[in-house]
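Each chain, letter by letter, is given below.
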Amino acid sequence: EVLFKLINFIQTISSSDRHTNDKWLLTYLPFHTAGLQVFFQAFFSNSPIIYLSLQQPELFATAITEFSINRLSMTPSFYRLTSSGFFNNKFDIA
């Protein structure tokens, strides 16, 4: 049953050639469902992943600019933190 659910989950991942230039910033726990989605999306499109532990939120803006991140999966509450200036307004995510 678990294998069947994993296969269904992987089938939702988009793996077209248009994703080959994606650079993902992983801010979710890698073993959480959202983290797995980012991992598989990057894996199947052969895209790099930069993992950022949210224990160091001050590195958020630096990671995006330094690694030229163009894909980021986030929750609404995390988006509110980024758009509220929580990260010292170093990066305009809007």
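> Would you mind going over unusual backbone geometry in detail, with residue names and values included?
Despite not being glycine, asparagine 46 has its phi angle at roughly 55°, a positive value. Tracing the chain through its elements places asparagine 46 in the loop between helix H2 (33–44) and strand E2 (49–51).

> Pulling in residues and values, what's your account of the packing of aromatic side chains?
Within this structure, the stated rule accounts for 4 aromatic pairs. Where phenylalanine 39 meets phenylalanine 40, the ring centres are 5.3 Å apart and the plane angle is 70°; that geometry is what we call edge-to-face. On the basis of relative accessible area, phenylalanine 40 is assigned to the buried category, the value being 14%. When the ring of phenylalanine 40 is compared with that of phenylalanine 44, the centres are 6.0 Å apart and the planes differ by 20°; the resulting orientation is stacked. Linking phenylalanine 40 with phenylalanine 44, this pair stays in helix H2, spanning 4 residues, or about one helical turn. Among the aromatic residues, those joined into a cluster by ring pairs are Phe39, Phe40, Phe43 and Phe44.

> For the environment of alanine 42, give the residues involved together with the corresponding values.
Note that alanine 42 resides in helix H2. It is 10.0 Å that separates the C-alpha atoms of alanine 42 and leucine 26, two residues lying 16 residues apart in sequence. Beyond its immediate sequence surroundings of up to four residues, alanine 42 is in contact with Trp24, Ser47 and Ile49.

> Tell me what's going on with the sheet that holds E2, and back it up with residues and numbers.
Spatial strand order, E2-E1-E3: 3 strands in an open sheet with parallel pairing. Unpaired on one side and paired on the other, E2 and strand E3 (71–72) mark the two borders of the sheet. Direction of pairing for strand E1 (residues 24–26) relative to E3: parallel, over a ladder of 2 bridges. By the bridge assignment, leucine 25 is partnered in E3 with leucine 72. Packed on one face of the sheet, H2 meets E1 and E2 and runs near 155° to E1.

> So what about the environment of glycine 35? Which residues, and what values?
Locating glycine 35 in the fold gives a position in helix H2. Relative accessible area serves as the criterion here: at 0%, glycine 35 is assigned to the buried category. In this structure, the C-alpha to C-alpha distance between glycine 35 and serine 73, residues 38 residues apart in sequence, is 8.7 Å. Aside from chain neighbours lying at most four places away, what touches glycine 35 is Leu26, Tyr28, Leu29 and Pro30.

What counts, and at which threshold
- Residues numbered from 1 in each chain as written.
- Predicted model: local features only at pLDDT ≥ 70, side-chain atom pairs only at ≥ 80, totals over all residues.
- Heavy atoms only, no water.
- Helix = DSSP H or I, 4+ residues; strand = E, 2+ residues; numbered from the N terminus.
- Phe/Tyr/Trp six-rings, centres within 6.5 Å; stacked < 30°, edge-to-face > 60°.
- Buried < 20%, exposed > 50% of the residue type's maximum accessible area, 1.4 Å probe, protein only.
- Contact = heavy atoms within 4.5 Å.
- Pairing = 2+ DSSP bridges.
- Axes fitted to C-alpha atoms, helices over the stretch in contact; angles between N-to-C directions.

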